[in-house]
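Chain and residue survey
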Amino acid sequence: MTRTQLAEGVFLTYLPAKKFKTSLLSAQFAVPLRWETASANALIAAVLRRGTASYPDMGALSRRLDGLYGARIDVTVRKKGETQCVGFVASLIDDCFAPGKERLLEPAADLLGELICRPATRDGLFLSEYFESEKINLIDAVRSILNDKRSYADSRLLQEMCTGEPYGVPRLGNEQIAAALHPQLLFEAYRELVSASRLEIFYSGSAGQSRVEDALRAALADLPRKEAEAPLRPAPHVPPEEPRFVTDRLDVTQGKLGMGFACGSGDTAALLLGNTLFGGSSNSKLFLNVREKLSLCYYASSQFHRQKGLITVSSGVEFENYQRAYDEIMAQLEAVQRGELEAWELEAARSTLLNAYASMGDSQGKLENFYLGQAATGCGESPEDLADQVRAVTPERIFEAMSSVKLDTVYFLQGKEAEA
């Protein structure tokens, strides 16, 4: 992997690979995650994908992609730490496998550049029909989160735990702000996005680095540039003096118990292993004890938010089992903190993480997603670096790091009948 600067605020992460039959080309604008801009940025990417000056509708774009042997360009909106990443990921046949060794990188890069720099417009704004239909789609996507109660509860936990912090902002923003968007505002936001935001580009394929750089410089020659913001590492989370308890009531038949913990240690590798032991795998204490042995939860797992130093627990419980599940989740955390582990548990957790890092090299999409997270948060480790850090973690470091984990916020999604 090499990372080079192509222009002001434009960076290329070059991931050479000859074992894939496809090439991946990704262009992502990295902007600070804020309530007031998240929905607009998500909508911009969707509207840009509807058409360009040369290919003004989906039909023309599809025909152009068919001419590139069925290449695909997908819209992406992701949250990396406290950064929102919006843009496009293109997948195409690698030149080594194209008929007659046809060069596909350059035309694919040109099309990606046109999507960004030369959108279809009318009277100096996005086409109204594209704006209106994609705005409806965005609002529907925000609303649909409520239909997935597990994802909804996980999002609500982070919003409550990180109130006033960018980390609590969902990647698509919210319905009210999305509904208030209008064409003039969106086009102004687009011009700000493409001129003042960092553009992170990723390439994985067989083409040489200099050729990739030349293709991208040509494709983005019309990109307006002014000074872009540097990567922002998430600000440390300040936990409350006492844990906060939040309850929502909806028409649900199964409770959702979410628990957020603040980590007071900076030993990231030890916390990563500790979380895997706690609830981060199918061999974890939450899965084997709270779910399998005691049957207190339909599901129970934990996630370590590496960039923010948080651990969150997600579980589905019967309403009447709330307290028992809460108590048992806390008991399993305390078991990790006290070092109550068998040798096989530690080795299984370490193996889970090492396998995850090793398998990244088998997927261009996983590599792109990983390095986007690194670039967005100003981190420089490779998967191999992180694997080495995990290998070096001792049990004592795990127990010490996990002993700094303190309960911060408890969120419970309960049924409406509980109000009676």
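Procedures and definitions
- Residues numbered from 1 in each chain as written.
- Predicted model: local features only at pLDDT ≥ 70, side-chain atom pairs only at ≥ 80, totals over all residues.
- Heavy atoms only, no water.
- Helix = DSSP H or I, 4+ residues; strand = E, 2+ residues; numbered from the N terminus.
- Expected span 1.5 Å × (residues − 1).
- Buried < 20%, exposed > 50% of the residue type's maximum accessible area, 1.4 Å probe, protein only.
- Pairing = 2+ DSSP bridges.
- Axes fitted to C-alpha atoms, helices over the stretch in contact; angles between N-to-C directions.
- Contact = heavy atoms within 4.5 Å.
- Salt bridge = Lys/Arg side-chain N within 4 Å of Asp/Glu carboxyl O.
- Parallel < 35°, antiparallel > 145°, perpendicular 65-115°, else oblique.
- Left-handed = near helix turned anticlockwise from the far one by under 90°.
- Core = buried A, V, L, I, M, F, W, Y, C linked by side-chain atoms within 4.5 Å.
- Arc of directions from axis to C-beta.
- Polar contact = N/O pair within 3.5 Å; in protein donor to acceptor, adjacent residues only side chain to side chain.
- Phe/Tyr/Trp six-rings, centres within 6.5 Å; stacked < 30°, edge-to-face > 60°.
- Lys NZ or Arg CZ within 6 Å of the ring centre and 35° of its normal.

What to know about helix α13 (residues 364–377)
- For α13, with 14 residues, the first-to-last C-alpha span of 20 Å sits near the 20 Å given by 1.5 Å per residue.
- In terms of burial, α13 is a largely internal element, 11 of the 14 residues being buried.
- When α13 is considered as a whole, its buried residues turn out to be Gln 364, Leu 367, Glu 368, Phe 370, Tyr 371, Leu 372, Gly 373, Gln 374, Ala 375, Ala 376 and Thr 377.
- Gly 378 occupies a position one or two residues after α13 and carries a positive phi of about 75 degrees.

Structural notes on the sheet that holds strand β3 (residues 22–32)
- The sheet built from six strands is open, its strands ordered β1-β2-β8-β3-β5-β4 with mixed pairing. The open sheet has two edge strands with one neighbour each: β1 (2–7) and β4 (72–80). Sheet twist, expressed as the average angle between the axes of neighbouring strands with direction ignored, equals 20 degrees.
- Each of β3, β4, β5 (83–93) and β8 (198–205) touches helix α3 (residues 105–117); the most contacted strand, β3, lies at about 25 degrees to it.
- Strand contacts of α13: β1, β2 (10–16), β3, β4, β5 and β8, with the helix running at about 150 degrees to β8, the strand carrying the most contacts.

Considering the pattern of salt bridges
- Applying the stated criterion to the full structure yields 25 salt bridges.
- For Arg 143, the salt bridge is made with Glu 175, and the minimal N-O distance between the two is 2.8 Å. In this pair, Arg 143 is assigned in helix α4 (residues 128–144) and Glu 175 in helix α6 (residues 175–179), connecting sequence segments 32 residues apart.
- When its relative accessible area of 46% is taken as the criterion, Arg 143 is described as partly exposed.
- Look at Glu 175 and you get partly exposed, because its relative accessible area is 25%.
- Among the salt bridges present, the one from Glu 160 reaches Arg 244, with a minimum N-O distance of 3.1 Å. Taken together, the positions of Glu 160 in helix α5 (residues 149–161) and Arg 244 in strand β9 (residues 244–250) put the pair 84 residues apart, joining distant regions of the chain.
- Taken together, the shared-partner salt bridges connect Asp 95, Arg 103, Glu 106 and Arg 211 into one network.

Some points on the packing of helix α12 (residues 343–359) against helix α14 (residues 383–391)
- Put simply, α12 and α14 touch, their axes get as near as 9 Å, and they point 170 degrees apart. By the angle class used here, α12 and α14 are roughly antiparallel. Every pair of crossing elements has a handedness; the one defined by α12 and α14 is left-handed. For the pair α12 and α14, contact is made by Arg 350, Leu 353, Leu 354 and Tyr 357 and by Pro 383, Leu 386, Ala 387, Val 390 and Arg 391, respectively.

Re the nonpolar core
- With 62 residues, the main nonpolar core has Leu 257, Met 259, Phe 261, Phe 278 and Met 402 as its most contacted residues.
- Contacts of Phe 278, omitting those with residues within four sequence positions, involve Ser 284, Lys 285, Leu 286, Ser 302, Ile 311, Val 313, Ile 329, Gln 332, Leu 333, Val 336 and Met 402.
- Membership of the second largest hydrophobic core comes to 61 residues, among which are Phe 29, Ile 73, Ala 120 and Ile 201.

Here's the deal with helix α2 (residues 58–67)
- Every buried residue of α2 is accounted for by Ala 60, Leu 61 and Leu 65. All buried residues of α2 lie within an arc of 135 degrees about the axis, which places them on one face of the element. Exposed side of α2, more than 90 degrees from the buried face: Arg 63 and Asp 66 are the residues found there.
- Buried residues along α2 sit against β4 and α3.
- If you check the start of α2, you find a side-chain oxygen 3.1 Å away from the backbone N of Gly 59, and it comes from Asp 57.
- Just downstream of α2, Tyr 69 is the residue with a positive phi angle, here 60 degrees.

What to know about the packing of helix α1 (residues 35–48) against α4
- Taken N-terminus to C-terminus, the directions of α1 and α4 make an angle of 125 degrees; their axes are 9 Å apart at the nearest point. As summarised for this structure, α1 and α4 are arranged oblique, according to the angle between their axes. The handedness of the crossing between α1 and α4 comes out as right-handed. Residues Ser 39, Ala 42, Leu 43, Ala 46 and Val 47 of α1 lie in contact with α4, whose contacting residues are Tyr 130, Phe 131, Glu 134, Lys 135 and Leu 138.

Digging into the packing of aromatic side chains
- For the coordinates displayed, the defined rule picks out nine aromatic pairs.
- Arranged with centres 4.9 Å apart and planes meeting at 70 degrees, the rings of Phe 126 and Phe 187 form a pair that is edge-to-face. With a gap of 61 residues between them, Phe 126 in strand β7 (residues 125–126) and Phe 187 in helix α7 (residues 183–196) connect regions that are remote in the sequence.
- With 5.1 Å between their ring centres and 85 degrees between their planes, Phe 370 and Tyr 371 make a pair best called edge-to-face. In this structure, Phe 370 and Tyr 371 share a single accessibility class: buried.
- Three or more aromatic residues joined by ring pairs form one cluster here, namely Phe 245, Tyr 322, Tyr 326 and Phe 412.
- Seen from the ring of Phe 11, Arg 3 lies directly overhead, with NZ or CZ sitting 4.5 Å from the centre.
- Lying across the ring of Tyr 167, Lys 79 places its NZ or CZ 4.6 Å from the centre.

Observations regarding the environment of Tyr 69
- Tracing the chain through its elements places Tyr 69 in the loop between α2 and β4.
- By relative accessible area, which is 36% here, Tyr 69 ends up partly exposed.
- When the C-alpha positions of Tyr 69 and Asp 251 are compared, they lie 48 Å apart, and in sequence the two are 182 residues distant.
- Residues in contact with Tyr 69, not counting those within four places in the same chain, are Ile 93, Pro 99, Glu 102 and Leu 104.
- Within the structure, Tyr 69 has its side chain in polar contact with the side chain of Glu 102 (distance 2.7 Å).

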